[in-house]
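Residue-level listing of the chains:
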Amino acid sequence: VALVTSIGPEHLEVVGTVENVARANAEAIEVLPPGGIAVVPADEPLLEPYLRDELDVRRFDRSGVERDGDVWVLPVNEREVRLELPFTQRHLAGNVVGALTAYDALGLPLDRAPEGASRISMSRWRGEVHELPGGGLVVNDAYNANPVSMRAALLDLDARADGRRRVAILGEMAELGAESDRYHAEIAS
């Protein structure tokens, strides 16, 4: 099984273009034997040239991810999986849909997914939440960002604010290559 969660402007300093990001991610797909399983986002046309007929291609759609209180409702192959996850960021829950699609493709029982979900832990500086006296909240998402993850973090900040004042302290997004200034300007607008 090869799982590609997303394609975006990341590591451009090394690979040059988003198309080359797709090509680099597709290296995992290219080495799959006939009958191998490629799990890819349903909305990613840049991966299409790498999806051979002899592969079992499973597409996942993160757009149907919903929240029901503390439980995420995740669409997996026309089924609904309900999980408690250790984060509130919608974009991270979208990645879980990809992982569950791979899990299901391997023939593993989706009803046991909560066992694994209970053991998920986030990387340091990725969506760390710190409560402040007086009701304030700091979300430290200082792990190396790219324009897609930065936009997702800002949308998450807006959703968490629930009408309260929002302040974002942003650093440089690294490894964006020649288009770095443009990507930073787009995030700022």
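Preceding block: the structure.
Residues numbered from 1 in each chain as written. Predicted model: local features only at pLDDT ≥ 70, side-chain atom pairs only at ≥ 80, totals over all residues. Heavy atoms only, no water.

Our focus in this paragraph is the overall build of the protein. The helix and strand inventory of the protein stands at six helices and eight strands. Here the protein has a C-alpha radius of gyration of 18 Å; the compact-globule value for 189 residues is 16 Å, and the two agree. Dimensions of the protein, computed from the C-alpha atoms along their principal axes, are close to 55 × 45 × 25 Å. Contacts in the protein between residues at least 24 apart in sequence constitute 44% of all its contacts with a sequence separation of at least 6. Accessible surface, the protein as shown: approximately 11200 Å² in total, 51% of it carbon and sulfur. (Helix = DSSP H or I, 4+ residues; strand = E, 2+ residues; numbered from the N terminus. Rg over C-alpha atoms; globule rule 2.2 N^0.38 Å. Contact = heavy atoms within 4.5 Å. Areas by Shrake-Rupley, 256 points an atom, 1.4 Å probe, with all protein chains shown as cover.)

This part is about the packing of helix α5 (residues 147–161) against helix α6 (residues 180–188). Between α5 and α6, the shortest axis-to-axis distance is 10 Å and the interhelical angle comes to 10 degrees. Of the possible angle classes, the one that applies to α5 and α6 is roughly parallel. In this structure, α5 meets α6 at a crossing whose hand is right-handed. Residue-level inspection shows Pro147, Met150, Arg151 and Leu154 of α5 in contact with α6, the latter providing Tyr183, Glu186 and Ile187. (Axes fitted to C-alpha atoms, helices over the stretch in contact; angles between N-to-C directions. Parallel < 35°, antiparallel > 145°, perpendicular 65-115°, else oblique. Left-handed = near helix turned anticlockwise from the far one by under 90°.)

This part covers the nonpolar core. Ranked by size, the top nonpolar core spans 22 residues in total, and within it Ile7, Ile29, Ala38, Leu47 and Met173 carry the most contacts. Among the elements of the structure, α2 (18–30), β2 (37–41) and α6 are those that each provide at least two residues to this core. Counting residues per element, this core draws most heavily on α2, which supplies five residues. Judged by nonpolar contacts, the second largest core, of 21 residues, contains Ile37, Phe60, Ala105 and Ala117. (Core = buried A, V, L, I, M, F, W, Y, C linked by side-chain atoms within 4.5 Å. Buried < 20%, exposed > 50% of the residue type's maximum accessible area, 1.4 Å probe, protein only.)

With that settled, consider the sheet that holds strand β4 (residues 66–68). Pairing within the open sheet is antiparallel, and its three strands lie in the order β4-β5-β6. The sheet terminates laterally at β4 and β6 (79–83), the two strands that pair on one side only. The sheet shows a mean angle of 30 degrees between the axes of neighbouring strands, taken without regard to direction. Here β4 pairs with strand β5 (residues 71–76) via three bridges, running antiparallel. Among the inter-strand pairings, Glu66 is bridged to a residue of β5, identified as Val73. Strands β4, β5 and β6 of the sheet are contacted by helix α3 (residues 90–105), whose axis makes an angle of about 45 degrees with β5. (Pairing = 2+ DSSP bridges.)

It is worth spelling out the side chain of Asp104 at this point. Secondary-structure assignment places Asp104 in helix α3. Separated by 2.8 Å, the side chains of Asp104 and Arg79 make a polar contact. Those residues in contact with Asp104 that lie beyond four places of it in its chain are Arg58, Val76, Asn77, Arg79 and Leu110. (Polar contact = N/O pair within 3.5 Å; in protein donor to acceptor, adjacent residues only side chain to side chain.)

The α-helix winds at 3.6 residues per turn, so residues separated by three or four positions along the chain end up facing the same way. For α3, built from 16 residues, the straight-helix expectation of 22 Å at 1.5 Å per residue is met to within 8% by its first-to-last C-alpha distance of 23 Å. Among all positions of α3, only Leu92, Ala93, Gly94, Val96, Val97, Gly98, Leu100, Thr101, Ala102, Asp104 and Ala105 are buried. Check the buried side of α3 and you find it contacts β1 (2–3), β2, β3 (56–60), β5, β6 and α4 (113–117). (Expected span 1.5 Å × (residues − 1).)

Direction of pairing for strand β7 (residues 128–131) relative to strand β8 (residues 137–140): antiparallel, over a ladder of four bridges. The residue of β8 that forms the bridge with His130 is Val138.

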